[in-house]
Amino acid sequence: MDLSLTDEQELLREAARGTLARYPVLEAARTAMDASPPALDALPDLWPAVRDAGWTGLLIDEKRGGAGLGVFDAMLVAEEAGRVIAPVPLLGLLPATALLDAAADARCADVAAGELRPVWIPTRPPGDLEPRWTVDGRGGVARPEALAIEGDGDAVRVTGTASFVPDAPGADLIVVVGVDGTVAAVPADAAGVTVEQVVRYDVTRALGHVTFDGAEGVRLAASPDAAADAWYVAQALIAAEAVGTVQTTLEMSVAYAKERYTFGRAIGSYQAIKHELTEVLRRLENSRSLLFYAGWARDSAPDEFALAASAARSAAGAALDFATRSNINVHGGIGATWEHDAPLYFRRAQLTRRLVGGHGDATDRVAERLLAA
């Protein structure tokens, strides 16, 4: 197994970094947060950049108009988005495209071209701790049951509510997984569909509570296995974002530790700082190794993908928590103030630890599979 990047993957990563560098996300996030309620229109609209870069078709087969790339490639883009906490709608978009492609849906070409913007309702497949298909709830530890998809033929009606759906605001098509693992697609403007935009912790992450009241949609020819795979694709993507953010916060901390002096010495020369930054690096490298393995497993060892993606999410989530707190600690008093960028990354960590089941749920998944083995 060779986990080194190909020339094409290096170019993809460099292109993604160059694209995202054109947008002043941190300045826009600060402007948005200064308003009450947050002024989300202050954030740059990155959908045109996503469309022009071809990221809409990353996971769609070439014969259906996509790029025909894999989850590994998509993770490289997600990692670059995480480096600058860019409001790129990949977490909701890419699992949706994976399901549409698995169903060989006729709309794949429009999706790949960026003319139709889908979003996926994060739906956790059954496990040892929870035998049902479930969605994220608005509060508490109990997870609500997945949405109800009713209808014997292709035409279906969808009922239920899913909370904190990434990238739901602005979507044209909503890909839904039902209580039995069946999959359907519902136009976002269909009667009975309500998307309530919400902000929690991090203004750079678009979220919405999505409610279906008998909304009409179309059943997709995607199996429950494909629906479960979409969950683990999302786990890998959010882990990749976390790895990118950890990398940035480590670079920030190291740079400050070299330039900040106290008692005539750079603070990076003190053991307490050195040990803390070394721990961030250790967690980063561990997470990246697990992430790369997950990307490899998706194509080369599918039976291992669920465990690998869950392990990557668990490790990267813990690394993100530690790194963003460490970043504030290394910067001292200024790091805890709104004048510094460190709190923006900390906010991203606090939201990431809770989205799409949370990295605690991913840790439980790893335990389930290891104990079963």
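Cut-offs applied
Residues numbered from 1 in each chain as written. Predicted model: local features only at pLDDT ≥ 70, side-chain atom pairs only at ≥ 80, totals over all residues. Heavy atoms only, no water. Phe/Tyr/Trp six-rings, centres within 6.5 Å; stacked < 30°, edge-to-face > 60°. Helix = DSSP H or I, 4+ residues; strand = E, 2+ residues; numbered from the N terminus. Buried < 20%, exposed > 50% of the residue type's maximum accessible area, 1.4 Å probe, protein only. Lys NZ or Arg CZ within 6 Å of the ring centre and 35° of its normal. Core = buried A, V, L, I, M, F, W, Y, C linked by side-chain atoms within 4.5 Å. Contact = heavy atoms within 4.5 Å.

### Concerning the packing of aromatic side chains
In total, this model carries 3 aromatic pairs according to the counting rule given. Ring plane angle 55 degrees and centroid distance 5.0 Å describe the contact between F72 and F292, whose orientation is recorded as tilted. Of this pair, F72 sits in helix α4 (residues 71-83) while F292 sits in helix α8 (residues 271-300), and the two are 220 residues apart along the sequence. With a centroid separation of 5.3 Å and an interplanar angle of 40 degrees, the aromatic rings of Y293 and W296 are classed as tilted. Here Y293 pairs with W296, and both are found in helix α8, just 3 residues apart, close to one helical turn. In this structure Y293 comes out as partly exposed when scored by relative accessible area, which is 26%. Directly above the aromatic system of W338 lies the positively charged group of R30, at a separation of 5.3 Å from the ring centroid. In this arrangement the basic side chain of R298 is found over the ring face of F305, its NZ or CZ atom lying 5.8 Å from the centre.

### Things to note about the nonpolar core
Grouped together as the largest cluster of nonpolar side chains are 108 residues, with contacts concentrated most on W55, I121 and F212. Here this core gets 19 residues from one element, more than from any other, and that element is helix α7 (residues 224-259). With near-sequence residues (within four places) excluded, F212 lies in contact with I121, L147, V158, T159, G160, I174, V176, V186, G192 and V193. Ranked by size, the runner-up nonpolar core spans 11 residues in total, among them A28, A29, M252 and Y345.

Spatial relationships are all this shows, so hold off on functional conclusions.
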